[in-house]
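# Structural overview for review
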2 protein chains.
Amino acid sequence: MSEQSNGPLIAIGGHEDKDGERRILKAIAERLNGGRLIIATVASHEPEGYFDAYKDAFAALGATDLIELYVDDRDETNDPAHKELIDGAAGIFFTGGDQLRIVSQLGDTPLESAVRDLHARGGVIAGTSAGASAQSETMLIGGSDGESYRIGELHMAPGLGLIPSVIIDQHFAERGRIGRLLGAVAHNPRILGIGIDEDTAIVVDGERFKVIGSGAVTIVDAEHVTRSNIAEAKPQRVLSIHNVTLHALSAGDEFNLATRKPCSPSES
Amino acid sequence: MSEQSNGPLIAIGGHEDKDGERRILKAIAERLNGGRLIIATVASHEPEGYFDAYKDAFAALGATDLIELYVDDRDETNDPAHKELIDGAAGIFFTGGDQLRIVSQLGDTPLESAVRDLHARGGVIAGTSAGASAQSETMLIGGSDGESYRIGELHMAPGLGLIPSVIIDQHFAERGRIGRLLGAVAHNPRILGIGIDEDTAIVVDGERFKVIGSGAVTIVDAEHVTRSNIAEAKPQRVLSIHNVTLHALSAGDEFNLATRKPCSPSES
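A short tour of the structure in this document, coming up.

The subject of this paragraph is helix H5 (residues 110-120) of chain A. Residues and elements named next belong to chain A. Among all positions of H5, only Leu-111, Glu-112, Ala-114, Val-115, Leu-118 and His-119 are buried. The arc that holds every buried residue of H5, seen down its axis, measures 160 degrees, which confines them to one face. The inward-facing, buried residues of H5 abut strand E1 (9-12), strand E3 (66-69), helix H3 (80-87), strand E4 (91-94), helix H4 (99-106) and strand E5 (124-128). Positive phi shows up at Gly-122, right after H5, with a value of about 100 degrees.

So, on to the packing of helix H1 (residues 23-30) of chain B against helix H2 (residues 50-59) of chain B. All names here are of chain B. Where H1 contacts H2, the axes come no closer than 10 Å and their chain directions differ by 75 degrees. Between H1 and H2, the interaxial angle falls into the category roughly perpendicular. In contact with Leu-25, Ile-28 and Ala-29 of H1, H2 contributes Tyr-54, Ala-57 and Phe-58. For the contact of H1 with H2, the residue count by class is six nonpolar, no polar and no charged.

Let us now look at the sheet that holds strand E16 (residues 261-263) of chain A. By definition, the strands of a sheet pair up through backbone hydrogen bonds, in either a parallel or an antiparallel sense. Residues and elements named next belong to chain A. Read across the sheet, nine strands follow the order E3-E2-E4-E5-E1-E10-E11-E15-E16 without closing on themselves; strand pairing throughout is mixed. Across the chains shown, the open sheet's two edge strands, defined by having one partner strand only, are E3 and E16. Adjacent strand axes in the sheet meet at a mean angle of 25 degrees, parallel and antiparallel pairs treated alike. Direction of pairing for strand E2 (residues 37-40) relative to E3: parallel, over a ladder of four bridges. What sits directly across from Ala-40, in E3, is Leu-69.

What follows is about empty space enclosed by the protein. Tallied over the entire structure, the rule returns two cavities of 30 Å³ or more. Together, 21 residues line the largest cavity, and Ile-178, Gly-179 and Leu-182 of chain A together with Ala-173 and Thr-218 of chain B are the ones closest to its centre. Among the elements that line the lining of the largest cavity, the one with the most residues is helix H7 (residues 178-187) of chain A, at three residues. Per-class residue counts for the lining of the largest cavity are 12 nonpolar, five polar and four charged. The calculated volume of the second largest cavity comes to roughly 160 Å³. Lining of the second largest cavity is provided by 15 residues; of these, Asp-197, Ala-216 and Thr-218 of chain A together with Tyr-149 and Gly-179 of chain B occupy positions nearest its centre.

Attention now moves to the layout of surface pockets. Residue and element names in this part refer to chain A. Its volume calculated, the largest pocket comes out at about 280 Å³. Take the lining of the largest pocket: its biggest share by element is four residues, from strand E8 (residues 163-170). Residue composition of the lining of the largest pocket, grouped by class: nine nonpolar, five polar and three charged.

Parameters and conventions
- Sequence order as written defines the numbering, with residues in each chain counted from 1.
- A letter from A marks each chain and a number from 1 marks each ligand, given out in the order of writing.
- Note on the predicted model: pLDDT of at least 70 is required for a residue's local features to be given, and 80 or more for side-chain atom pairs to be given and counted; whole-chain, interface and lining totals, by contrast, use all residues.
- The side-chain numbers reported here are obtained from all heavy atoms of the structure, hydrogens and water having been left aside.
- We call a residue buried when its accessible area falls under 20% of the maximum for its residue type, exposed when it is over 50%, and partly exposed in between, using a 1.4 Å probe and counting protein chains only.
- Helix and strand assignments follow DSSP, with helices taken as H or I runs no shorter than four residues and strands as E runs no shorter than two, numbered in order from the N terminus.
- The directions from the helix axis to the C-beta atoms are what the arc is built from.
- Two residues form a contact once any of their heavy atoms are found within 4.5 Å.
- Here an angle of 0 to 180 degrees is reported between the N-to-C directions of two axes, which are lines fitted to C-alpha atoms, with helices fitted over the stretch in contact.
- Orientation labels follow simple angle bins: below 35 degrees gives roughly parallel, above 145 gives roughly antiparallel, 65 to 115 gives roughly perpendicular, and whatever is left gives oblique.
- Gly is put with the polar residues, along with every residue not named as nonpolar or charged; the nonpolar set is Ala, Val, Leu, Ile, Met, Phe, Trp, Tyr, Cys and Pro, and the charged set is Asp, Glu, Lys and Arg.
- Being paired, for any two strands, means DSSP has found at least two bridges between them.
- Points on a 1 Å grid, built from protein atoms alone, make a cavity when a 1.4 Å probe fits but cannot get out and make a pocket when they are open with protein on both sides within 12 Å along at least 5 of 7 lines; residues with an atom within 4 Å of a point are the lining residues.
- Grid points are joined across faces, edges and corners, and a volume is the space filled by probe spheres set on the points.

Below is the structure:
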């Protein structure tokens, strides 16, 4: 990335390796250039232990300047000390929990602005599980796993919007979430669906992202859909959707979010 | 169906409703025209109880002429009494268990011929779970559920081939099997992947099928795939496959297996 461009966005599907090769955490550590990483545990109601786990995992990768950011309610987001923390950091990592806690606590606060500023000046914005979902324009906040997708079961909410026009789902293969991601993109095909498996991440640099980690990233694109029953059918009805384009990507694969096409790493 | 044409093939994704509305079993019962239904429990190593469960479930639908067919090993398939049973039936229903038991016991035996003859003279061939998989040209006989699909994990075998050019997977949403179905069609895009959820079935009449039941049927079609790493990558590598066409279908939807396109019920 050049000096004036946005920093990388790293969205992880949850359960990233913390004691082995740590390919994903290493990708984050390398992008800090020795700067401070904030571990934002705001997604969790009981964040005890989260920070220590990451402190140990990152320390072995040479990233030792870590500090925890937690807010119990929106009032605390006005504390200038919190904002200064982000202003002085090289990156922020949102841990797992509930994506709705992240956006309902931080949305439209000085801390959200500080996160955007960090991104704009080239800082790393990373997140795992709920912290991955929160980065997208639209978040899934409910919807059943591992069963036929019924139209009334899905709940979405606006995310931080750092990655525009996408919806990110996590623990994707492990929790059988293709149905709910199809349901999400059926609502509005403008939104591209990105399902990230555990210990797998996308590293977004500008319009492109690269896949890292041990699992797959599944893209569902409803642009060419010829028919769906999302608007006609009753809530208990199972989704019909015809002509979805699907891509399964694995480590090393790249994808262009503007053209919505996979691209080989050598292509410009 | 006309008198000279093949009978319907009914492939069920497992766990069909046996004590409520029984939409799928009803579809089978209706097509027997009062004739005998054979419950083939050959997929199971311990089929005790299977027959009684179906006997009760079908009795309430007016189908009372049921008889069990079980063979312990291939030798028994030469017993003329078994063949006569199929010759005199209006339909056969393969229960769940292991699809490999069905084809390894019946493949290239007089009983397999009798099943084909039954189909050819308009009889109903139905199967649930393993009994659905066995109907397709190619069967999945192993491959992990609910995790990133790794190239070396998949095992396939020839099925009965009653439904040509397809591979049927069952318990599809419930066991998170999109990854292994994508892996299967990546091997040879000639084969269309059909994933059937529990309590959901396809009713194949000639080149078309209709979806019945409470869940979804997911079609993955690799015809327009531009790239996959199935032949290049190592067994532990995660599958990459670009530009798969996916359809999610639900009750009432129809699909044309020859054109590989969903078609509305009113289209000819």
